[in-house]
Structure formats: structure tokens, C-alpha cells
Amino acid sequence: MNKRRIFLIVIFLLGCSLGCSFLTSASSTSSSSSPSATSSHPSASSSASSSSTTTSSSSSSSSSPSLLSPLISNADFTLDQNHDNLPDSWYHGDPNLPDLEPSRFGWEQFPGSSSKAIWIIGGQDREGEWCCRIEDITPNTDYILHFYAYRDTFINKIYPEVEIFNQCILLDNHCTQGGWQLFELHLNSKDAYPVTTLKFRNRFPVRFWFYLPELVPASEYPPLLSDEEQRVVKRRMEFISNQKHFFPIGIYGISSPRSLVEIKKAGFNTALIPPNEEFVKIASDMGIKVIVNICPWMHDPNSGSLFITGMAASPSLLSWYIADEPEISPLIPEVFLPIVKKLNRLDPVHPTCIAMNRAWLVSNYEMVNNLFLLDEYPIPNMPLTWFTESLDQARNVIGSQRLWSIVQAFGGPKHKDAGWPRFPTYQELRALTYLSIIHHTTGILYFSYSEAFASQTNWANLGRVVSELNFLYPWLTIPNCTQGKNGNEPDLKLRMLRPYKADAEGKPAIHFAFKKEGDRFLLLAVNTLDHPVEMSLDGLPQKPRLLNVLFENRKIVVKEGNLQDEFDPFETHIYANF
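Given the structure is predicted, the values throughout are model-derived calculations rather than measurements.

Cut-off values and rules
Residues numbered from 1 in each chain as written. Predicted model: local features only at pLDDT ≥ 70, side-chain atom pairs only at ≥ 80, totals over all residues. Heavy atoms only, no water. 1 Å grid on protein atoms, 1.4 Å probe; cavity = no way out; pocket = protein on both sides within 12 Å on 5 of 7 lines; lining within 4 Å. Points joined across faces, edges and corners; volume = space filled by probe spheres on them. Helix = DSSP H or I, 4+ residues; strand = E, 2+ residues; numbered from the N terminus. Expected span 1.5 Å × (residues − 1). Buried < 20%, exposed > 50% of the residue type's maximum accessible area, 1.4 Å probe, protein only. Arc of directions from axis to C-beta. Contact = heavy atoms within 4.5 Å. Pairing = 2+ DSSP bridges. Axes fitted to C-alpha atoms, helices over the stretch in contact; angles between N-to-C directions. Phe/Tyr/Trp six-rings, centres within 6.5 Å; stacked < 30°, edge-to-face > 60°. Lys NZ or Arg CZ within 6 Å of the ring centre and 35° of its normal. Salt bridge = Lys/Arg side-chain N within 4 Å of Asp/Glu carboxyl O. Polar contact = N/O pair within 3.5 Å; in protein donor to acceptor, adjacent residues only side chain to side chain.

**Structural notes on the layout of surface pockets**
The volume enclosed by the second largest pocket comes to roughly 610 Å³. Surrounding the second largest pocket, 22 residues form its lining, Asp392, Ile438, His439, His440 and Phe512 being those nearest its centre. Within the residue set of the lining of the second largest pocket, elements represented by two or more residues are α7 (384–398) and β20 (510–517). Here the lining of the second largest pocket takes five residues from α7, the largest share from any one element.

If you want it as C-alpha cells, here you go:
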């Protein structure tokens, strides 16, 4: 491990100041809106608000300047050799538009410190940005960008941005308040050559501080794990690969053995549970697979060793749950090393999993984790495509075998301020479930048992969806056809027929998937809009002429390979030739 990685671990875990005393020792506590004690869900998101604060400490380090990236000049903002009251090599926007509230800028000592940082308060002029020209960029090269950001108070949907290599990134994981948050971005320079501009941007009338940007070619970072350790991590996926006919239908929030009885009756086959031997034994006796939450042991390599060793042989163990939304906490990948190395030693068989809310950061953790559980909760304030785009974005990085979804099964008055004032309807639960399958997830968990079971109606609606999944169970592990890329698979063409035709991204409102096994096939179709729509789908097998619409007690005609059907808002139709 090179000095930069050691450097990052030290400052993250110990709160060292990198030579700047403004990473203060003001301590605070973490808080998040969470309907379950089993995890920190739900998180801060585009439809929700939560906040956390971090503890930072002060220490000086004479060696820290040598760690600064030579690519970014004056990264610690100490130099002003031309005495223009601006940090050398940095400039800001020009707030010079009349009759508009101007953006404001600062370069000053952080309160209670002797070191300087830059800050922005956005104005109506859209000029709120600090910029630095960076030279000697190599095109089509992977880089890692580190920097710190600070905000006094978390406000939902208000986030800064960073731009580099002509790529603009919304820092929607900046949920720390009252403390400095370390960011790590993995980027490719693409066609930027030989110069790019780094921009910190703020469009909002609140203050964001920035400090110590460091840009380094990714090749300068040795792998987090040794070759052998990487092989062990990759071998864990063989356990999932060998479960060829198992599709997890799971649920969060299991806090008692009685809960296991109830989810078994409802048709769930997987549960996320605390590290409790009794729970594991009861689940094993019931034939329920378990994901064991060992997040509390993340930072203590001495905790849980006996439990892990004992449970590694359990036939019910499916995965170790090692972190909950680490990109928001925030946890840099280096923090995972103690728990990953411990599991490599004590249980090199079962995969690890983490829940993530920001799919664009999945790549940060793909080397230290196996399964990724994506947990966007759109009901009722976000489009369903917010959920599906997150799945697609993650799958493009890690593939479908490592991708599971977490479907929203909570909401109500206590979550109103966080953006979830009600529980999803049956149609919405069903839509989110089948959209997960359409978008290639290989496991589904619901969040959460305690919320759903508290209402007879909500539990019954969730039970109906789970019952459907069990009826379709053999089909869940059959991959979706790849639309026209294989001569044995149909090339289906979708047309929307009503005025409401497109989703929030301008794509067809109907999302669909086709599955085929021998002569039998299954077609899943979901309306992602809260308006009625009608679709026409060409390219289906011409026989049989009548298809069953499962769970609706009706049939539909296929004429010359064409199927037409109507959808209510958020409605799902499932067609089958059996």
C-alpha cells in the first residue's frame, strides 16, 4: 500500500488534518432517518432528507505537503504570490450581472483555524464556481480525484457540483453536516488533452467550503488487496454462481424469531438478520436463507471472529452484509480492508454485500465487495425511472450477477418530512418488483418487515406480490432475452399509442422483458407513468394466437406477432403462452 492510501486511511479514521488545523476537533453524533434498527435505511436521497455529522480532530503534519498532487497547483490554497487576494492558480466566476443576486466567494481561514479554504455561496447569476487549470493530462486515462467539502447544515436536494474532464458530477452524497467530508471520484479523462479545468460549483444560496483537491492517475495507486486477496474476493461469487436456481426474495427489518415465522408464511425465502446464532438456526430449520448484518464490526477487526467462523458452515448463510450506504456515511474503500481481510481468512466462501443509494459510486467499492443492493425509494415523489436508471447505471459497472434491488415497502406520517408520506400501493409495489426483474437484477429484498407488517392492508399487498414471484419462481433465474442479438430470440419492437408515451427521460413509458425456456415464454411489461398508456408490441411468436395474462383472469390476442394492450397508471401485465 503506497503512502497516499496510508495517508487517506489515517486522515479518515483518525481525523488528521493534512497540515490544516481547521479539520477541527469539534465532535458530534450521527443521525439518520431510519425505520429499522437493522440498517440505516432509508437514506438521504433525491426524495428524502437525512443528515449526519462527523468527528474531526486536529494535528499538524510537516510531511503532508509532499502528498499533494503536483497536477493541481496550490491545492492547499496557501500561496498568493501576486498579492491579489486570490489563491494562486485559482479564479472564480464573474458575478457581474445587474439586477441579480450575485454569487459570493471566499478564500479565508476556516473559523477556529490557521489554514485557508475556498467557499461559494451561489447566486442568481449562475457564476458560483471556483476554477483551476490543470495541465499534463493524458487522454483516455483513469484518474482518482480526492477533495474535502464542508456544509454547516444538510438541506435536502441542495448539493454542490464538481466538474473535470468536461464531466459534471452532482455531489448528491454530500450528506455530512458540521464536519469535513472526504470525496473520492474515479474518472476517465476521455479526450481531455493536455489541459482540463477543475471546477467546484454551487448553484444555491448556501455556503459550501472546499479544500485540498488531489488528482492522481489511478495507476499510481496499487490495488487495495494483494493478488491472492483479490482472488479470494472473486471466488466468493462462485457461491452465488452455484446457486443457479435460487432467486432471493428477501426482506429487511427482522428483529425476532416470530418475524421469521411470518415471512416464511408470506413466501419470503431470504431475510437480513442481526448476528444472532438463534436467528440463524431458526432460519435454517425453516429453509430461509440469511444475510447476516455485521456492519457494527466494520471498524473492529477483533469483533465477531468466533461467530463468523461458526456461521460459515451454516447451510442457510447466503451473504455477509458489511456496510449500509457507505457512499453517504461516508466510508472510503480503504475502510473496508479490515473486515474484508477478516472474512477472507475466516470464511472465504460466502460473498459480501452492501446497500448503496448512489449508483454512480458503485465503482469505488467493486474491488472490496461482491453483491450490491441498490435502494432508491421513489414513492411518491420521484419517477419510477429514477429507480430503474440507478439499476442500469450499477449494472453497467458490475454486471447483473452482482446486482440486487431493494424495493420500497415503507412510508407513512413518520417519514413525511423525509419524502415518503405514504406506503406504496399494490400497483406501485408490483411495478417496482417487476421493474427490478426487467432491469436484470438477480435478487430482490423489500424494506422493511416492521413497516409492512404494521398494516394489515400493506402486508397483504406485499404478500400478493411475493405470492406472484413464487408462482413465477422458475422464471426468475432465467436471464432476459437480449432483444435481437441472438438468432433464437425475438426482436421485439415497441410503439406507444396514446398521448402519454414517454417516461421522464423521453424513453417509452412501457419497460418490458422477454424470457424464453424451450417453447414457453414469458413477457413482463410495466407502465412507469402515473397516467394510462397503451402499447403495441411487434415481433412476438405468431403462435399461439391467445396468451394468458397471468393474475388477471383474462387472455389477449396476438395477431401476426403483434400484441396491443392498455395499462392503468403504474400497472404491470405479465403475458405467457402457458
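**Thoughts on helix α2 (residues 227–241)**
If you check α2, its first and last C-alpha atoms are 21 Å apart, about what 15 residues at 1.5 Å a residue would give, namely 21 Å. Of all the positions in α2, only Glu229, Gln230, Val232, Val233, Arg236, Met237, Phe239 and Ile240 are classed as buried. The arc that holds the buried residues of α2, viewed along the axis, is 160°, so those residues lie on one side. Summarising the geometry of α2, the exposed residues directed more than 90 degrees from the buried face are Asp227 and Lys234. On its buried face, α2 is in contact with β14 (317–324), α6 (337–346), β15 (352–356), β16 (371–374) and β17 (403–408).

**What to know about the sheet that holds strand β10 (residues 207–217)**
The five strands lie next to each other as β2-β3-β10-β5-β8, forming an open sheet whose pairing is antiparallel. On the outer flanks of this sheet lie β2 (104–109) and β8 (181–188), each paired with one strand and no other. Averaged over neighbouring strand pairs, the angle between their axes works out to 30° when direction is ignored. Sheet topology places β2 next to strand β3 (residues 116–121); six bridges connect them, and they run antiparallel. The partner of glutamine 109 across the bridge, within β3, is lysine 116.

**Considering the packing of aromatic side chains**
This structure, assessed with the given rule, holds 33 aromatic pairs. By the ring-pair criterion, three or more aromatic residues cluster together here, those being Phe77, Trp90, Phe110, Trp119, Phe147, Tyr150, Trp180, Phe183, Phe200, Trp209, Phe210 and Tyr211. The ring of tryptophan 119 carries arginine 207 above its face, with NZ or CZ at 4.0 Å from the centroid. Positioned above the aromatic ring of phenylalanine 578, the side-chain terminus of arginine 520 is 4.6 Å from the ring centre.

**Some thoughts on the pattern of salt bridges**
All chains considered together, the criterion is met by 21 salt bridges. A salt bridge links glutamate 428 to arginine 422; the nearest nitrogen and oxygen atoms lie 2.8 Å apart. A residue is classified by how much of its surface remains accessible, and arginine 422, at 30% relative accessible area, is partly exposed.

**Some details on the side chain of asparagine 370**
Looking at the element boundaries, asparagine 370 is found in the loop between β15 and β16. Once you skip the residues sitting within four places of it in the chain, asparagine 370 turns out to touch Val233, Arg236, Met237, Pro351, Thr352 and Arg402.

**Here we look at the sheet that holds strand β1 (residues 90–92)**
Across the sheet, which stays open at both edges, the five strands sit in the order β1-β4-β9-β6-β7 with antiparallel pairing between neighbours. Pairing within the sheet leaves two strands with one partner each, and these edge strands are β1 and β7 (167–170). Each neighbouring strand pair of the sheet contributes to a mean axis angle of 20°, computed without reference to strand direction. In this structure, strand β6 (residues 161–164) lies alongside β7, joined through four bridges in antiparallel fashion. By the bridge assignment for β7, glutamate 163 is matched with cysteine 168.

**What about the side chain of asparagine 562?**
Summarising the element assignment, asparagine 562 is placed in strand β25 (residues 562–567). Given the relative accessible area of 13%, asparagine 562 is considered buried. Side-chain polar atoms of asparagine 562 contact the side chain of serine 536, separated by 2.8 Å. When sequence neighbours within four positions are dropped, the list of residues in contact with asparagine 562 reads Arg495, Ser536, Leu537, Asp538 and Val557.

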